[in-house]
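# Fold and contact review
Now for the letters of each chain:
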Amino acid sequence: MGQHTEVESRPLYDPDLLKRLDFSESTTKFEPLISASQPGDGLLVRPLCSSDYDKGFIQLLGQLTKVGEVTQEQFFKRFEAMKTCPNTYYVTVIEDTQKSKIIGAATLVVEQKFIHDCAVRGRLEDVVVSDEYRGKQLGKLIITTIMLLAKYLNCYKITLDCNDKMIPFYSTLGYKLEPGNSNYMQIRFEKTCHL
Ligand SMILES: CC(C)(COP(=O)(O)OP(=O)(O)OC[C@H]1O[C@@H](n2cnc3c(N)ncnc32)[C@H](O)[C@@H]1OP(=O)(O)O)[C@@H](O)C(=O)NCCC(=O)NCCS
């Protein structure tokens, strides 16, 4: 039973954090009004749980990018690895509770710094809303939740990477391209496996 209970309900981070977010602080407007605590009928905003493999979390990420064949065991291992890094990974999901399906997700990663008096900065990652739920403010909702969470956790800023066609979407949520400081550079590595 211990194992069963763990698989069913273990959250990645403290769900009470989401109850403390004040949506009236956000400049993003919702019409009709929704928030993390009242996302709409049959919907629930909450931390990722260890049982979410069975609720289609990985399939949902497949609507964002290539995910590969992630087994339940790999999912559990990664979940545990994230959970053992305290105050760092805030994978947040929207569940359709009638269908027991994860229909939206976004991640806040909190990075610890030495600069700015040992500040923390936030990174917004892996934003996705399932295609049949799009256009209902849920993208705005999950991103606003992450932004308020970052603020609550004292991040001095939050950044994201996106392709050009997403710039208008993020601009409406207050994100800005900083003149002279908006280049995104990367090197992609060949797949290696040392672990
Ligand atoms: C981007 C995404 C999360 C938006 O989700 P959504 O639930 O449809 O978004 P919302 O309903 O909250 O839309 C909010 C506003 O943004 C606009 N918008 C949505 N997607 C947009 C896009 N791709 N480009 C520009 N504007 C967009 C909507 O029209 C809406 O405008 P309105 O408030 O004036 O009506 C969703 O389309 C998605 O999962 N896409 C595939 C994955 C992806 O691209 N993720 C982002 C990676 S950086």
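Residues numbered from 1 in each chain as written. Predicted model: local features only at pLDDT ≥ 70, side-chain atom pairs only at ≥ 80, totals over all residues. Heavy atoms only, no water.

Per an unreviewed UniProt entry, the protein chain goes by Glucosamine 6-phosphate N-acetyltransferase and derives from Diploptera punctata. Among the UniProt annotations of the protein chain, the heading Pathway (unreviewed entry) holds the following wording: "Nucleotide-sugar biosynthesis; UDP-N-acetyl-alpha-D-glucosamine biosynthesis; N-acetyl-alpha-D-glucosamine 1-phosphate from alpha-D-glucosamine 6-phosphate (route I): step 1/2." (UniProt positions renumbered as here; feature names shortened; annotations may be inferred.)

As enumerated under the stated definition, the model contains 9 salt bridges in all. Across the salt bridge formed by R20 and D14, the nearest N and O atoms sit 3.9 Å from each other. In this structure, K113 engages E111 in a salt bridge whose closest nitrogen and oxygen atoms are separated by 3.1 Å. Salt bridges linked by common partners bring R46, D52, K55 and E95 together as one network. (Salt bridge = Lys/Arg side-chain N within 4 Å of Asp/Glu carboxyl O.)

The next subject is the site of the ligand. The full set close to the ligand counts 16 residues, and V127, V129, G135, G139 and K140 are the nearest of them. In the model, an oxygen atom of the ligand is placed 3.5 Å from a nitrogen or oxygen of the R134 side chain. At a separation of 3.2 Å, an oxygen atom of the ligand approaches a polar backbone atom of K136. For the ligand, the protein covers 64% of the area, taking 910 Å² as the surface of the free molecule. When residues of the shell around the ligand are traced back to their parent elements, those giving at least two are strand 4 (120-129), helix 6 (138-152) and helix 7 (167-172). Along the lines of polarity and charge, the residues of the shell around the ligand split into 9 nonpolar, 3 polar and 4 charged. (Near = heavy atom within 4 Å. Polar contact = N/O pair within 3.5 Å; in protein donor to acceptor, adjacent residues only side chain to side chain. Areas by Shrake-Rupley, 256 points an atom, 1.4 Å probe, with all protein chains shown as cover. Helix = DSSP H or I, 4+ residues; strand = E, 2+ residues; numbered from the N terminus. Nonpolar A, V, L, I, M, F, W, Y, C, P; charged D, E, K, R; others polar.)

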